[in-house]
Amino acid sequence: AMDGIEAAEQIRIQNDIPIVYLTAHAEESTLRRAKVTEPFGYILKPFEDRELHTTLEMALHKHALEKKLRESERWLATTLKSISDAVIATQADGSIKFMNPVAESLTGWTQDEAMGRALSQVFHVVNEDTLAPVEDPVAKVMREGVVVGLANHTLLIARDGRQVPIADSAAPIRDDKGSMAGVVLIFRNVAEQRQAEVALHAYAKRLQVLHEIDQAILTAQSPEAVALA
């Protein structure tokens, strides 16, 4: 019940086989329908054997390259989704292109909601002491073209109002020509680290007090101290 274009679409979806159209139809409406199926070639009759052979060879080569690219993208996406740090990637204009689950959790935004929004709308950071806005890291990276980090004592204000102390860095994403194509932002919740540092500081102070007490006792028990008494 389906025509050639509908059949080609099912072949591509179900079997991942590259499609080349060999047809006598050159009208615009047919071409538009064919484009949707993402063909690797569109040859009009009459044709030469050499033309068909070349088109098929190019289609197979291009399909193999695209398959490798898709596999690399899947590996990358899986890696970014499984790491413990939050990751946000932006376009050159600062609009969000990718967020991993940790970034979604910390910011309170899902990737679908954040997609295409300016980073400042989703990644709202302020100084912990003054609550003054912190410079947009994407703007800083785009301006300086190097890896930058946020200042210490930075808070992320989540969508629900939560204040999350974070540490982060932002790095440029460059295309094949070395031009800036976007920015990747990596950050993490340092609340537990802060608590551990406070606990460690308190423990060190307690050890110092105990050491001073021990020294005082030893001094009181020395022969000189007894003779003096």
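A. Representation of the pairing of strand E9 (residues 180-189) in the model. Summarising the sheet, strand E3 (residues 86-91) and E9 pair through 6 bridges and their orientation is antiparallel. Bridge pairing in E9 links Val 87 to Ile 186. By the bridge criterion, 9 bridges tie strand E8 (residues 163-174) to E9 in an arrangement that is antiparallel. Bridged to Ala 171 within E9 is Val 184. Two successive antiparallel strands, E8 and E9, enclose a turn made up of 5 residues, where Gly 178 displays a positive phi of approximately 85 degrees.

B. Layout of unusual backbone geometry. The peptide bond linking Lys 45 to Pro 46 adopts the cis configuration, its omega dihedral lying at -5 degrees. With respect to the helices and strands, Pro 46 occurs in the loop between strand E2 (41-44) and helix H3 (49-82). For Asp 16, which is not a glycine, the phi torsion comes out positive at approximately 55 degrees. Note that Asp 16 resides in the loop between helix H1 (4-15) and strand E1 (20-23). The phi dihedral of Leu 131 is positive, around 60 degrees, even though this residue is not glycine. For Leu 131, the location among the structural elements is in the loop between strand E5 (124-127) and helix H7 (137-144).

Calculation criteria
- Residues numbered from 1 in each chain as written.
- Predicted model: local features only at pLDDT ≥ 70, side-chain atom pairs only at ≥ 80, totals over all residues.
- Heavy atoms only, no water.
- Pairing = 2+ DSSP bridges.
- Helix = DSSP H or I, 4+ residues; strand = E, 2+ residues; numbered from the N terminus.

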